[in-house]
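Here are the chains, one letter per residue:
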Amino acid sequence: MAILNETARLEPRSTATAAARREAAPYMNPYLAGVGLGLVLLAAFVVMGRGLGASGAFSSLVAWLVSAVAPAHAQANEFYADYLGSGVGHPLKDWLVFEVLGVLVGGFLSGLLAGRVQRGVEKGPRISTRGRLTLAFTGGALMGIGAKLARGCTSGQALSGGAVLSAGSWAFMLMVFAGGYATAWFLRRQWQ
Amino acid sequence: MSAPFFKFGAFGDEASLVVAFAIGIGFGFFLERAGFGSARKLTDQFYLKDLAVLKVMFTAIVTAMLGIFYLSWMGFMDLSLVYFGSTYLVPQIVGGLILGVGFVVGGYCPGTSVVALATGKLDALVFLAGVTVGIFGFGEAWPAIAGFVNSTDLGPLTLPQAFGLRYGLVVFLVVVAALGAFKGAEAVERRMARREGAV
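Within each chain, residues carry numbers counting from 1 in the order of the written sequence. In the order they appear in the text, chains get letters beginning with A and ligands get numbers beginning with 1. Note on the predicted model: pLDDT of at least 70 is required for a residue's local features to be given, and 80 or more for side-chain atom pairs to be given and counted; whole-chain, interface and lining totals, by contrast, use all residues. Side-chain measures here rest on the full set of heavy atoms in the structure, leaving out hydrogens and waters.

Novice: Please provide a residue-by-residue account of the overall build of chain A, values included.
Specialist: Counting from the N terminus, the helices are DSSP H or I runs at least four residues long and the strands are E runs at least two residues long. In terms of regular secondary structure, chain A is built from ten helices and zero strands. Moving toward the C terminus, one meets the helices and strands of chain A in the order α-α-α-α-α-α-α-α-α-α. The cut-offs for exposure are 20% and 50% of the maximum accessible area for each residue type, with area from a 1.4 Å probe on protein chains only; residues under the lower value are buried, those over the upper are exposed, and the others partly exposed. Residues counted as buried form 52% of the 192 residues belonging to chain A. All accessible-area figures derive from a Shrake-Rupley calculation using a 1.4 Å probe, and residue coverage is judged against the displayed protein chains alone. Counting only carbon and sulfur atoms, one obtains 67% of the accessible surface of chain A, whose full area is about 8600 Å².

Novice: Tell me about the environment of His90(A), residues and numbers included.
Specialist: Of note, His90(A) is situated in the loop between helix H5 (78-84) and helix H6 (95-113). Separated by 26 residues in sequence, His90(A) and Trp64(A) have C-alpha atoms that sit 8.5 Å apart.

Novice: Account for a nonpolar patch on the surface, with residues named and values stated.
Specialist: All names here are of chain B. Exposure above 30% relative accessible area and no salt bridge define the residues that can form patches, which grow by joining like charges within 9 Å and nonpolar side chains of Val, Leu, Ile, Met, Phe, Trp and Tyr within 5 Å. One side-chain nitrogen of Lys or Arg within 4 Å of one carboxyl oxygen of Asp or Glu is enough to make a salt bridge. On the surface, Phe163, Leu165, Leu169, Phe172, Leu173 and Val176 cluster together into a nonpolar patch covering about 570 Å² of accessible area. The element that contributes the greatest number of residues to the nonpolar patch is helix H8 (residues 167-198), accounting for four residues. Mapping Leu165 onto the fold places it in the loop between helix H7 (159-163) and H8. A relative accessible area of 36% places Leu165 in the partly exposed class.

Novice: Go over unusual backbone geometry, please, and point to the residues and values.
Specialist: All names here are of chain B. The omega torsion of the bond from Ala3 to Pro4 falls at -5 degrees, within 30 degrees of zero and hence cis. Tracing the backbone through its elements, the reader meets Pro4 in the segment before helix H1 (13-33). Positioned with a positive phi, Leu48 is a non-glycine residue whose angle comes to about 60 degrees. As for its placement among the helices and strands, Leu48 is situated in the loop between helix H2 (39-43) and helix H3 (52-73).

Novice: So what's going on with the interface of chain A and chain B? Which residues, and what values?
Specialist: Interface extent is often summarised as the accessible area lost during association of the parts. By the convention used here, residues are in contact when the closest approach between their heavy atoms is within 4.5 Å. Contacts between chain A and chain B engage 117 residues on the former and 124 residues on the latter. Once two parts are brought into contact, the accessible area they lose, counted with a 1.4 Å probe and summed over both, makes up the buried area. For the pair chain A and chain B, the summed buried area comes to about 10600 Å², and 73% of that belongs to carbon and sulfur atoms. Linking chain A with chain B are four salt bridges. Across the pair Lys93(A) and Glu14(B) runs a salt bridge, and its minimum N-O distance is 2.7 Å. Counting of polar contacts relies on pairs of N or O atoms within 3.5 Å, with two restrictions inside protein: one atom must be capable of donating a hydrogen and the other of accepting it, and residues adjacent in sequence are counted only when both atoms are side-chain atoms. At the surface where chain A touches chain B, the tally comes to 45 residue pairs in polar contact (both at pLDDT 80 or more). If one sorts the elements of the side of chain A that touches chain B by residue count, helix H2 (residues 30-48) of chain A sits on top with 18 residues. Side-chain classes follow a simple rule in which Ala, Val, Leu, Ile, Met, Phe, Trp, Tyr, Cys and Pro form the nonpolar group, Asp, Glu, Lys and Arg form the charged group, and the remainder, Gly included, forms the polar group. When its residues are assigned to classes, the side of chain A that touches chain B shows 67 nonpolar, 34 polar and 16 charged.

Novice: Please set out the state of the cysteines residue by residue, giving values where relevant.
Specialist: Any two cysteine sulfur atoms within 2.5 Å of one another count as a disulfide. Evaluated as defined, the whole model comprises zero disulfides over all chains. Note on Cys153(A): no disulfide assigned, nearest cysteine sulfur contributed by Cys109(B) at a separation of 6.2 Å. A relative accessible area of 1% places Cys153(A) in the buried class.

Novice: Describe a positive patch on the surface, and please don't skip the residues or the numbers.
Specialist: On the surface, Lys183(B), Arg190(B), Arg191(B), Arg194(B) and Arg195(B) cluster together into a patch of positive charge. Mapped onto the elements of the fold, Arg194(B) is located in helix H8. Only four residue types enter the tally: Lys and Arg on the positive side, Asp and Glu on the negative side; His and the chain ends are excluded. For the purpose of locating charges, the reference atoms are NZ of Lys, CZ of Arg, CG of Asp and CD of Glu.

Novice: Could you give an account of the packing of aromatic side chains, with specific residues and numbers?
Specialist: Between the rings of Phe, Tyr and Trp (Trp by its six-membered ring), a pair exists once the centres lie within 6.5 Å; its type follows the angle of the planes, with under 30 degrees stacked, over 60 edge-to-face, and the other angles tilted. Counted according to the given criterion, the structure contains 18 aromatic pairs over all chains. With a centroid separation of 5.4 Å and an interplanar angle of 40 degrees, the aromatic rings of Phe6(B) and Phe11(B) are classed as tilted. Ring geometry for Phe69(B) and Tyr167(B): centres 6.0 Å apart, planes at 15 degrees, overall stacked. Of this pair, Phe69(B) sits in helix H3 while Tyr167(B) sits in helix H8; the two residues are 98 residues apart in sequence, bridging distant segments of the chain. A relative accessible area of 25% places Tyr167(B) in the partly exposed class. Across the ring face of Tyr88(B), the terminal group of Arg151(A) is positioned such that the distance to the ring centre comes to 3.4 Å. Counted as over-ring charges are cases with an Arg CZ or a Lys NZ within 6 Å of the ring centre that also lie within 35 degrees of the ring normal. Lying over the aromatic face of Trp185(A), Arg188(A) brings its terminal NZ or CZ to 4.0 Å of the ring centre.

Novice: Summarise the packing of helix H9 (residues 167-184) of chain A against H3(B); cite the residues concerned and give the values.
Specialist: Between N-to-C directions, angles span 0 to 180 degrees; the directions come from axes that are lines fitted to C-alpha atoms, helices contributing only their stretch in contact. For the pair H9(A) and H3(B), the least separation of the axes is 13 Å and the interaxial angle reads 170 degrees. Taken together, the axes of H9(A) and H3(B) are roughly antiparallel relative to one another. Along the contact surface, H9(A) presents Trp170(A), Met173(A) and Phe177(A), while H3(B) presents Val53(B), Met57(B), Phe58(B) and Ile61(B). Counted by class, the contact of H9(A) with H3(B) contains seven nonpolar, no polar and no charged residues. Throughout, the term roughly parallel applies to angles under 35 degrees, roughly antiparallel to angles over 145, roughly perpendicular to angles from 65 to 115, and oblique to all others.

Novice: I'd love a proper account of the pattern of salt bridges, names of residues and values included.
Specialist: Residues and elements named next belong to chain B. The tally for this structure, following the rule as stated, stands at eight salt bridges over all chains. In this structure, Asp50 engages Lys41 in a salt bridge whose closest nitrogen and oxygen atoms are separated by 2.9 Å. Here Asp50 matches Lys41 in class, with each residue buried. The partner of Lys55 in a salt bridge is Glu189, and the shortest N-O contact between them spans 2.8 Å. In this pair, Lys55 is assigned in helix H3 and Glu189 in helix H8, connecting sequence segments 134 residues apart. For Glu189, a relative accessible area of 15% puts it in the buried group. A single salt-bridge network, built from bridges that share partners, covers Lys55, Glu186 and Glu189.

Novice: Before we move on, can you summarise the domain arrangement of chain A with the specific residues and values?
Specialist: Residue and element names in this part refer to chain A. Here chain A is partitioned into domain 1 (1-15 + 24-49), domain 2 (54-119) and domain 3 (126-192). Each partner contributes to the interface: domain 1 provides five residues, whereas domain 2 provides four residues. Taken together, both faces of the contact between domain 1 and domain 2 bury some 370 Å²; the carbon and sulfur share is 65%. Joining domain 1 to domain 2, the criterion identifies zero salt bridges. For the interface between domain 1 and domain 2, the tally reads two residue pairs in polar contact (both at pLDDT 80 or more). Residues that form the side of domain 1 that touches domain 2 fall into these classes: five nonpolar, no polar and no charged. The start and end points of each domain follow an automatic or database-based domain assignment.

This is how it looks when you write it as structure tokens:
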């Protein structure tokens, strides 16, 4: 049922551009994709005793870049020092960094199999590419700040913390939806 | 008891990085399958046209939650050895709000932007540059904001503890809430599709 709905919804958009580009396969049924994602998350808990993450890998990257440019400055800062560890191993030899490299490969494989790998900028019809990229950068910066304040993003807090019933993770998750809905009207020209 | 395997010494730190890479592949694969490499698909959630974000996230949480609950009830997994982050209530509420705003402004969250980048989206690359700069700003501001970030520390608090309910009951309530949310989401999508058709 839901698969049929999905296909029907995508039909007008894809037929309109069929001449311009290769037909992409429809997305997976969301409940099925959710079960798949949930089993991957469960595997992380069973095998590693930890959940998934994303923003943490970029914290390691930032801490490493800062320490490469200004080692003393990075070591004196508790936030960077936390990601630099004891200094024995390389800061990028980190669990989340390797996991995110896997995400890059897994995402590419799935996109390739479905004919969805295509260079471009995704946006609604009513905004310029430059406008979209400016907002992408701004949103990314907000996301970086928010994820560090909350000690995790949609992966580490909402998904992983949500599954182990962490109170803070559920509070966080509700606020993500609240923040998104509160902003949607102002940004409608970018997307709709 | 034999799980979590890593905590029982089944393999070492070096091998855990291989595991990380393999788990990441699965994570990225299903994010892309769900359509989460597309900013418009993701943000459709906030315009009520396509509630796939809610459906996929809630289904994934319920699947993993039931798996964890069942495996620890069977005595196969020691839940006390699973990493559990502390609750810092106010910073997490403020951080969640900022993240939600950033989601609609930028179009992705960190994990989904990696998948979008993998499938060729240039806006995802710019978004990730923004994430990196945002984290750098946070790091530079750390001495001034550390007090706030570490405030309202409630420790490793579970929902069952917070509400004084049994673990199994909360698991059941989350499943019921998810089923209700799915039913509501389908109704909202049907309604929005009708409205689109009428215009």
